[in-house]
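# Fold and contact review
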Amino acid sequence: MLTKANTPSLENYWMPFTANRQFKAAPRLLAGAEGMYYTDVDGGKVLDGTAGLWCVNAGHGRRRIAEAVERQLTVMDYAPSFQMGHPVVFDFAEKLAARAPGGPDAKLDRIFFTGSGSESVDTALKIAIAYQRAIGQGTRTRVIGRERGYHGVGFGGISVGGLVNNRRVFPTLPGTDHLRHTHDPERNSFVKGLPAHGAELADDLERLVGLHGAETIAAVIVEPVAGSTGVLLPPKGYLERLRAIADKHGILLIFDEVITGFGRLGTPFAVDYFGVVPDLVTTAKGLTNGSIPMGAVFASRKVHDALMQGPEGQIELFHGYTYSGHPAACAAGLATLEIYEEEGLLTRGAELATHWQDAMHGLKGLPHVIDIRTIGLVVGIELTSREGAVGARAYEIFTDLFKKGLLIRVTGDTIALSPPLIVEREQIDTMASMLSDSIKQVA
Ligand SMILES: Cc1ncc(COP(=O)(O)O)c(C=O)c1O
C-alpha cells in the first residue's frame, strides 16, 4: 500500500481542477478504499460523503467489479470500436436498455458509449445537430445551455455550460446561448422538496426562440438537478414546461444525468424522478461505479432511427472514440448493474431521503448557513461568503473535515454531499454532526 514514506515526488503530476501549488504544499493523499471509507496515506479513515466524485454509488472496493474487469482483461483487453464489435458491449447496451431512463415507454434505449461525462455531453450535442440535419432541419445548429450549468470541460460542454471560471479563459462555440439559472434564494431558501417558485424561468427558452429563431436551435441541455454548481433543484413544473416549449419549437431536450443517473435521486434516473422524458440522456460516473472511465448517451429511437437512413454501407454518424465500449469498462458496467439490482441501490436513496433531509436540514440556524437543499441522497449547504474571499470559508471547512475524517465537496461557498448509496443512517448522522461541528468552528 502507498504510504507517506513511499509517496513519489509531487512535482510531475499536473492536477485537474486543483490549486496545484497549495495542494502540493499540504497534500491530501488517499491510498485505499473500502465500503463507505477511504484510507489516507497515514492510515486514517475518511468517511466518503461524496461517493468519490459523485460516482462510487455502490461503495468502494466491490470485488465483483474488480473480478469482472480482471476476467475481461485476461480474455480480451481491447477491441477496435470502429467497424468492429465484441459481445460484451452489445450485452451491456442491451442490459442498460432494459433499465433505460423512463422505462420502456420512453424508448430511450439506443446507447452510444463514450469515455467520460464530458464526452457524453459533446456526443449528445453532436447527435442532436446531426439529427436535425437528418430530418431536413440543417439550419438548426445552435445549442442552448443554462447559466450555472456544468457539462464537463470539452469545448461543447463549456460552451453550453454556465460556470464563469470554466469559460472566461477559453473561446466557446459560436451559436450557443443560455437560459437563466433557477437559483432564487429570496423565494426558495430552506425549502424541503422542490422549490415552489421559478417554473416560469423555463419560458426563457421562448425568449431565446424569439431572439434567434427556432429554426436555428437544435437542442437545449440542462442538468435536471444542477450538481457541480452547488445542488440546484428544479422548481416545480419547470422541467415539464421546458419539455413543452422544446416540443412546440422542434427543439430536442437533453438531460445531463452524469450526476443524477444511477440512483442518486432515489430513482434510477432523474427522468424517472420527474416523469419528464427528454430526447437524449447523458451519463457516466455511476455507470461503472467510478471504477473504469466510461460514459453512455441514451438516445430516443426517434433520434436514432432518423440517423439510420441513407445508403447502408455509409457511416451514419462521423463520431466515436477509441475507447467507446471498451471491453473492460463494459465488464465493469455489467458487474455494477448487477450490484445495483441485487442490492436495490437505484431506489435505496428514496428509502433514506427523509432521514437524509431531516439530518441535513438540522444544520439550519448554524452560523453562515443561508440555504439547505436536498433531494434523494444529495445536499447543497450554502454559506455566506467572506468579504472578498468567495469560497474561502467552505474550503476551510473542507480541509478541517478531511483532517477529522470526512470527505465533502465544496464549490464556491456551497458544501455538497452525495454519499455512496450504501450509506447507513448512523453514517448520515455522523456526517451531519461532523458538518455541524466544523461549520460552528470555522468562523
Ligand atoms: C452534469 C455533469 N456533466 C458532465 C460532467 C463531466 O463529466 P467528466 O468529468 O466525467 O468528464 C460532470 C462532472 O461532474 C457533470 O456533473
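Residues numbered from 1 in each chain as written. Predicted model: local features only at pLDDT ≥ 70, side-chain atom pairs only at ≥ 80, totals over all residues.

## A closer look at helix H15 (residues 345–361)
Note the following rule: By the criteria applied, helices consist of DSSP H or I runs no shorter than four residues and strands consist of E runs no shorter than two, each listed in order from the N terminus. In this analysis, the expected span of each helix is defined as 1.5 Å times one less than the number of residues it contains. Given a residue, its bend is the angle between the two axes fitted to the seven residues that end at it and to the seven that start from it. Exposure criterion: with C-beta atoms placed from backbone coordinates, a residue whose C-beta has 20 or more other C-beta atoms within 10 Å is buried, one with 12 or fewer is exposed, and one in between is partly exposed.
Spanning 17 residues, H15 covers 23 Å between terminal C-alpha atoms, matching the ideal 24 Å at 1.5 Å per step. By the largest-angle criterion, Leu 352 marks the main kink of H15, which is about 50 degrees. What H15 keeps buried is the set Leu 345, Leu 346, Arg 348, Gly 349, Trp 356, Ala 359 and Met 360.

## Overview of the site of the ligand
What counts, and what does not: Near residues are defined by distance alone, with the backbone-placed C-beta atom required to lie within 6 Å of the molecule or strand. Note on residue classes: Ala, Val, Leu, Ile, Met, Phe, Trp, Tyr, Cys and Pro are nonpolar, Asp, Glu, Lys and Arg are charged, and everything else, Gly too, is polar.
Every one of the 14 residues lining the ligand counts as a neighbour, but Ser 116, Gly 117, Ser 118, Gly 152 and Val 258 are closest to it. No other element matches helix H6 (residues 117–134), which puts three residues into the shell around the ligand. Split into classes, the residues belonging to the shell around the ligand amount to five nonpolar, seven polar and two charged.

## Focus on the sheet that holds strand E9 (residues 280–283)
In plain terms, the rule: Here, strands pair whenever DSSP counts at least two bridges between them. Lines fitted to the C-alpha atoms define the axes, with helices restricted to the stretch that makes contact. Angles between their N-to-C directions range from 0 to 180 degrees. In this description, any two residues whose backbone-derived C-beta atoms lie within 7 Å of each other are considered to be in contact.
Spatially, seven strands are ordered E4-E10-E9-E8-E7-E5-E6 in an open sheet, and the strand pairing comes out mixed. Unpaired on one side and paired on the other, strand E4 (110–114) and strand E6 (176–179) mark the two borders of the sheet. Each strand axis lies, on average, 20 degrees off the axis of its neighbour in the sheet, ignoring direction. Bridge count for strand E5 (residues 142–146) against E6 is four bridges, and the pairing is parallel. Bridge pairing in E6 links Gly 145 to His 178. On the sheet, helix H11 (residues 238–248) packs against strand E7 (217–222) and strand E8 (252–256) and is oriented at approximately 145 degrees with respect to E8.

## A short note on H6
Taking 1.5 Å as the rise per residue, H6 with 18 residues should run 26 Å; its terminal C-alpha atoms sit 25 Å apart, in good agreement. For H6, the buried fraction is high: 14 of the 18 residues fall into the buried class. Of the residues trailing H6, Gly 136 is marked for its positive phi of about 85 degrees.

## Overview of the sheet that holds strand E11 (residues 369–375)
On the basis of which strands lie adjacent, the open sheet formed by four strands has the order E11-E12-E15-E14 and antiparallel pairing. A single partner strand is all that each edge strand has here, and the edge strands are E11 and strand E14 (409–411). Shown here is a sheet whose adjacent strand axes are inclined to one another by a mean of 20 degrees, direction ignored. Here four bridges tie strand E12 (residues 378–383) to strand E15 (residues 414–417), and the two strands are oriented antiparallel to one another. Along E15, the bridge assignment pairs Ile 381 with Ile 415.

## Regarding the domain arrangement of the chain
Buried accessible area, meaning the area lost when the parts come together, often serves as the stated size of an interface. Basically, it comes down to this: Either an automatic procedure or a domain database provided the assignment from which the domain bounds are taken.
Per the domain assignment, the segments making up the chain are domain 1 (20–58 + 345–441) and domain 2 (67–342). Tallying the contact residues gives 33 residues for domain 1 and 26 residues for domain 2. Sorting the residues of the side of domain 1 that touches domain 2 by element identifies helix H2 (51–54), H15, E11, E12 and E15 as the ones contributing at least two each. Ranked by the residues each element gives to the side of domain 1 that touches domain 2, the list is headed by H15, at nine residues. For the side of domain 1 that touches domain 2, the per-class residue count stands at 16 nonpolar, 12 polar and five charged.

## Comments concerning the packing of helix H3 (residues 63–75) against helix H14 (residues 327–342)
The condition is simple: Oblique is the label for every angle not falling under 35 degrees (roughly parallel), over 145 degrees (roughly antiparallel), or within 65 to 115 degrees (roughly perpendicular). The crossing is said to be left-handed when, going from far helix to near helix, the turn is anticlockwise and less than a right angle, and right-handed when the turn is clockwise.
With their axes 8 Å apart at the nearest point, H3 and H14 run at an angle of 150 degrees to one another. Considering the angle they form, H3 stands roughly antiparallel to H14. Our pair here, H3 against H14, has a crossing hand that is right-handed. Here H3 contributes Arg 64, Ile 65, Ala 68, Val 69, Arg 71, Gln 72 and Leu 73 to the contact with H14, which in turn contributes Pro 327, Ala 328, Ala 331, Ala 332, Leu 334, Ala 335, Thr 336, Glu 338 and Ile 339. Grouping the constituent residues of the contact of H3 with H14 by class yields 11 nonpolar, two polar and three charged.

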